[in-house]
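Analysis of the macromolecular model
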Amino acid sequence: HDKETKIIAGYLEGVRDGRRFFELAKNISKQKPIIIWKGGLTETGARAAQAHTGAMAGSRQVWAAMFKQAGIIGVNSMEEVADCVLAFYRQPLPKGRRMAILSGMAGTNVGTADNCLMMGLEMAKYSDATNQKLSKLLPSIGTTIANPTDIGAGVLVNPGLYGETAKILLEDENVDMLITITGPDNPASIQGLADVAQNAVKPMVVCLFDITGLVEPQVKFLREKHIPVYLDPKRAAFALAKMAEYAEYRSIIL
């Protein structure tokens, strides 16, 4: 009931009154997300939970079904708890599962697209208007206009390409979310992405590859502007996939 509490996150091994927990969670998740790392889902983990707190852990299938029906966001590590809290706290809920990916590295785009699809997200199909805008903006050589979008080495000449491209993608009605990927060695590009992200009405996150000595100040810069930043695109995709699941639950319940 605390109006200042926007998200509930925790680690759980078991509950004494399963029915009461389910009913409370179902009602609370209509208003605010509940993110839970459930321990004791394997036989070994269940024995450890019994020894630790005396909790009866129950089966993985039962807990998964209960989480789904109650709208609880289930995760499997403290890292995933933190990644989801970061996304939920700083981003609006998406209207769908359609993801756009933007980077200057084609291989990273491919791997990130794989991860998004394996997590239940969809790759957005850009509108004709978006394709036309991208064709005019991006160099004709070394780039990919389709999703995932690769802006290539042109960003070295025009650092503003990242921000301008991100803005075009977010304006596309076929795009529900955007993952942008870059290195921390191009502050102008990061500034452009930050400017777009601060005015975005859709979820947009920035992923920075960790280059020793360079990434920390850029992460600090983005977080001070309340922009979710991740050091691995897979972690970003996971958090956004959980946001999409929760948004779907809210749309059905409400």
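In what follows, the structure referred to is the one given above.
Now for a look at the structure at hand. (Residues numbered from 1 in each chain as written. Predicted model: local features only at pLDDT ≥ 70, side-chain atom pairs only at ≥ 80, totals over all residues. Heavy atoms only, no water.)

Section: the environment of Gly111
Structurally, Gly111 is set in helix α5 (residues 106-118). Looking at Gly111, the relative accessible area reads 27%, which means it is partly exposed. Once the C-alpha coordinates of Gly111 and Tyr89 are considered, the two residues, 22 residues apart in sequence, prove to be 26 Å apart. (Helix = DSSP H or I, 4+ residues; strand = E, 2+ residues; numbered from the N terminus. Buried < 20%, exposed > 50% of the residue type's maximum accessible area, 1.4 Å probe, protein only.)

A few points about the sheet that holds strand β3 (residues 73-75)
Strands sit in the order β1-β2-β3 across an open sheet of three strands; the sheet is parallel. The open sheet has two free edges, formed respectively by β1 (8-12) and β3, since each of these has just one partner strand. Between one strand axis and the next, the sheet turns through 25° on average, direction left out of account. In this structure, strand β2 (residues 34-38) lies alongside β3, joined through three bridges in parallel fashion. (Pairing = 2+ DSSP bridges. Axes fitted to C-alpha atoms, helices over the stretch in contact; angles between N-to-C directions.)

Thoughts on the packing of aromatic side chains
Centre distance and the angle of the planes are the two values used to describe a pair of aromatic rings. For the structure on display, the rule yields three aromatic pairs. With 5.1 Å between their ring centres and 70° between their planes, Tyr11 and Trp37 make a pair best called edge-to-face. In this pair, Tyr11 is assigned in strand β1 and Trp37 in strand β2, connecting sequence segments 26 residues apart. Taking the relative accessible area as the measure of exposure, Tyr11 reaches 43% and is therefore partly exposed. Residue class for Trp37 comes out partly exposed when judged on its relative accessible area of 26%. With a centroid separation of 5.7 Å and 70° between ring planes, the pair formed by Phe88 and Tyr246 is classed as edge-to-face. Of this pair, Phe88 sits in helix α4 (residues 78-90) while Tyr246 sits in helix α11 (residues 233-253), placing them 158 residues apart in sequence. (Phe/Tyr/Trp six-rings, centres within 6.5 Å; stacked < 30°, edge-to-face > 60°.)

Re the pairing of β2
Extensive coverage of β2 is indicated by the burial of four of its five residues. Both β1 and β2 contribute to a ladder of five bridges, which runs parallel. Pairing of Ala9 across the sheet is with Ile35, part of β2.

Describing helix α3 (residues 60-70)
Those residues of α3 that sit buried are Trp63, Met66, Phe67 and Ala70. All buried residues of α3 fall inside an arc of 100° around its axis, so they share one side. Facing away from the buried side of α3, by more than 90 degrees, are the exposed residues Gln61 and Lys68. Those residues of α3 that are buried are in contact with β1, α1 (18-28), β2, β3 and α11. Looking one or two residues past α3, Gly71 carries a phi angle of roughly 75°, positive in sign. (Arc of directions from axis to C-beta. Contact = heavy atoms within 4.5 Å.)

Here we look at a nonpolar patch on the surface
Taken together, the side chains of Ile8, Leu24 and Ile28 define a hydrophobic patch exposed on the protein surface, amounting to about 200 Å² of accessible area. Considering the arrangement of structural elements, one finds Ile8 in strand β1. Residue classification places Ile8 among the partly exposed positions, given a relative accessible area of 33%. (Patch = residues over 30% accessible without salt bridge, like charges linked within 9 Å, V, L, I, M, F, W, Y side chains within 5 Å. Areas by Shrake-Rupley, 256 points an atom, 1.4 Å probe, with all protein chains shown as cover. Salt bridge = Lys/Arg side-chain N within 4 Å of Asp/Glu carboxyl O.)

So far we have only geometry, and geometry alone does not tell us how the molecule works.
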